[in-house]
Amino acid sequence: MEEEEEKTKRTTRSRANIRGKKSAGKKSTESSATLDSTKEPPIRLTKKAVVVLTKLPQYKINALRPPTPEQFYSEEESLSSSDSDMQWEPGRDSSDSELSLANKKTKEKIKKRVKITHASCSANNNLSADPVIITSTQQLSQCNAENTKARPKLPEPEVKVDMMVIARKKPLRWERGKVLEVVTKDDGRVKYKVSFEEKGKSLVSGHHVALDSPPKLAQLYVGARVVVRCQVNKFRFWPGILAELPSRSNRLRFLVFIDDHTPVYVGLPLLHLVCRQLDNPLEDVPESAHRIFMEQYLNDWPYPHLTQYRVGQNLNAELNGVQKRCEVLVVDGSLIQVVFHENQFKEWIHRGSTRLEHMARFLELKAC
């Protein structure tokens, strides 16, 4: 009996130990699960942009400051002025900057505008204040400002018999015709006998003959002698000098000064390149105030002086040799269209023209 009781006690103690171990294992599992549930998620590192501000010197702040209405105008969108190329035809015959940039490396990428004079507008909003006169770097496409004035090293086009050309018939009047004969003079000069479509024949030099087809862009440069076809009369052509190549500022057009000082923006299809370019293109321009202006313009290029006007502003401009009051109707690139108060005559004028009283006065002060 004692042995059985002892066995029963041992069995009871072993069962109690097993239950105790199971209970401890269960508590351990629960505690580890609790620890896992309260454990914080891992930290994820993220990169953030940091802006570091640096105080600029005052001169850099002034350079980055946007222009004010008093200094610059807001250019108005307008139509091309190519229909304003016919003004008048003279009857007389014709015979066969003040800017230094500190950093020359960036002078074709910047516009240095120099304010010369300005006045406040009148109380009645007449907008008759003196304009700002600037020296502007032309923004040219596909080539820098210095190279556009250089004549490209390309062979001169050959003029042959039976070729259709644009030839000079009178001063400021060129017409389309056919080459009948190539004449070589005793002194070696070459002349071309041309029969015009609108009657008449003429013996002309190579610098008085232009190709009938439009030129290639690579052939053109500022100062080139060109002929512009009139849109009103397809048989009429006007001689002039190329003053601007296509750029964003002139909406990809060519600016040409006709020999009577009329400026006109045209597209490539209206241009004809003179076959033989003179070393000095002004030799073929009649002696006049326009020739003096063009000489100064080409010398100042690519930094021509321009006046700044706003639409509605009143100014004085020369008309028939007399300064007359007029109003700005349109600002288009380097040109303005004005209407004269006296007779309501409308005309396109270059913003650097000496016909403008402000520009003429500025150039007088500059020469002093």
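Criteria and cut-off values
- Residues numbered from 1 in each chain as written.
- Predicted model: local features only at pLDDT ≥ 70, side-chain atom pairs only at ≥ 80, totals over all residues.
- Heavy atoms only, no water.
- Helix = DSSP H or I, 4+ residues; strand = E, 2+ residues; numbered from the N terminus.
- Buried < 20%, exposed > 50% of the residue type's maximum accessible area, 1.4 Å probe, protein only.
- Areas by Shrake-Rupley, 256 points an atom, 1.4 Å probe, with all protein chains shown as cover.
- Phe/Tyr/Trp six-rings, centres within 6.5 Å; stacked < 30°, edge-to-face > 60°.
- Pairing = 2+ DSSP bridges.
- Axes fitted to C-alpha atoms, helices over the stretch in contact; angles between N-to-C directions.
- Polar contact = N/O pair within 3.5 Å; in protein donor to acceptor, adjacent residues only side chain to side chain.
- Salt bridge = Lys/Arg side-chain N within 4 Å of Asp/Glu carboxyl O.
- pLDDT = per-residue confidence, 0-100.
- Contact = heavy atoms within 4.5 Å.

1. Considering the overall build of the protein
And then number 1: When you go through the protein residue by residue, the secondary structure sums to four helices and 16 strands.
And then number 2: Across the 368 residues that make up the protein, the buried fraction comes to 40%.
And then number 3: When the accessible surface of the protein is totalled, it reaches about 22,400 Å², and 52% of it is carbon and sulfur.

2. Concerning the packing of aromatic side chains
And then number 1: One pass over the full model with this rule turns up five aromatic pairs.
And then number 2: Relative to Phe293, the ring of Phe257 lies with its centre 5.3 Å away and its plane at 75 degrees, an arrangement referred to as edge-to-face. One end of the pair, Phe257, is in strand β9 (residues 254–258); the other, Phe293, is in helix α3 (residues 289–300), and 36 residues separate them in sequence.
And then number 3: Using a relative accessible area of 0% as the deciding quantity, one classes Phe257 as buried.

3. Looking at the sheet that holds strand β16 (residues 346–350)
And then number 1: One open sheet holds the four strands; their spatial order is β13-β14-β15-β16, and the pairing between them is antiparallel. The open sheet is flanked by β13 (314–319) and β16, the only strands paired with a single partner. With direction set aside, neighbouring strand axes in the sheet form an average angle of 50 degrees.

4. Side note on the environment of Gly321
And then number 1: Of note, Gly321 is situated in the loop between β13 and β14 (322–332).
And then number 2: Its relative accessible area of 56% is what places Gly321 among the exposed residues.
And then number 3: Note: C-alpha distance between Gly321 and Arg355 (34 residues apart in sequence) is 8.8 Å.

5. Comments concerning the environment of Asp332
And then number 1: When you line up the elements, Asp332 lands in strand β14.
And then number 2: Here Asp332 falls in the buried class, since its relative accessible area comes to 3%.
And then number 3: Between the C-alpha atom of Asp332 and that of Ser249, which follows or precedes it by 83 residues, the distance is 9.2 Å.
And then number 4: In this structure the side chain of Asp332 is engaged in a polar contact, spanning 2.7 Å, whose partner is the side chain of Arg253.

6. Topic: the pairing of strand β10 (residues 263–266)
And then number 1: Burial of β10 is two-sided: the residues Pro263 and Tyr265 facing one way and the residues Val264 and Val266 facing the other way are all buried.
And then number 2: In this structure, β9 lies alongside β10, joined through four bridges in antiparallel fashion. Paired with Leu255 across the bridge in β10 is Tyr265.
And then number 3: In sequence, β9 turns back onto β10 through a hairpin of four residues, with His261 there showing a positive phi of about 80 degrees.

7. Examining unusual backbone geometry
And then number 1: The linkage connecting Trp301 with the following residue, Pro302, adopts the cis geometry, with an omega of 10 degrees.
And then number 2: Of note, Pro302 is situated in the loop between α3 and β12 (305–308).
And then number 3: With a phi close to 55 degrees, Asn320 is a non-glycine residue in the positive phi region.
And then number 4: Relative to the helices and strands, Asn320 resides in the loop between β13 and β14.
And then number 5: A positive phi angle is found at Gln344, which is not glycine, with a value near 60 degrees.
And then number 6: Within the secondary structure, Gln344 sits in the loop between β15 (335–340) and β16.

8. As for the pattern of salt bridges
And then number 1: One pass over the full model with this rule turns up 14 salt bridges.
And then number 2: In this structure, Asp212 engages Arg176 in a salt bridge whose closest nitrogen and oxygen atoms are separated by 2.9 Å. Taken together, the residues Asp212 in the loop between β6 (209–211) and β7 (225–229) and Arg176 in strand β3 (residues 173–184) connect sequence positions 36 residues apart.
And then number 3: You can call Arg176 partly exposed: its relative accessible area is 27%.
And then number 4: One salt bridge connects Glu287 with Arg291, and the closest N-O pair in it is separated by 3.1 Å.
And then number 5: On the basis of relative accessibility, which here comes to 61%, the residue Glu287 falls in the exposed class.
And then number 6: Residues participating in the shared-partner salt-bridge network are Lys169, Arg173, Glu175 and Glu198.

9. Here's the deal with the confidence of the model for the protein
Low pLDDT means the predicted atomic positions in that stretch should not be read closely.
And then number 1: When pLDDT is averaged across the protein, the result is 76; 64% of the residues are at 70 or more.
And then number 2: Here helix α2 (residues 58–64) is the element of the protein with the lowest mean pLDDT, 53, and β15 is the one with the highest, 98.
And then number 3: When the criterion is pLDDT under 50, residues 65–128 qualifies, and its contacts beyond four places in sequence or with other chains add up to 148 contacts.
And then number 4: Predicted confidence is poor over residues 138–147, with pLDDT under 50, and the contacts of this stretch with residues over four places away or in other chains come to 32 contacts.

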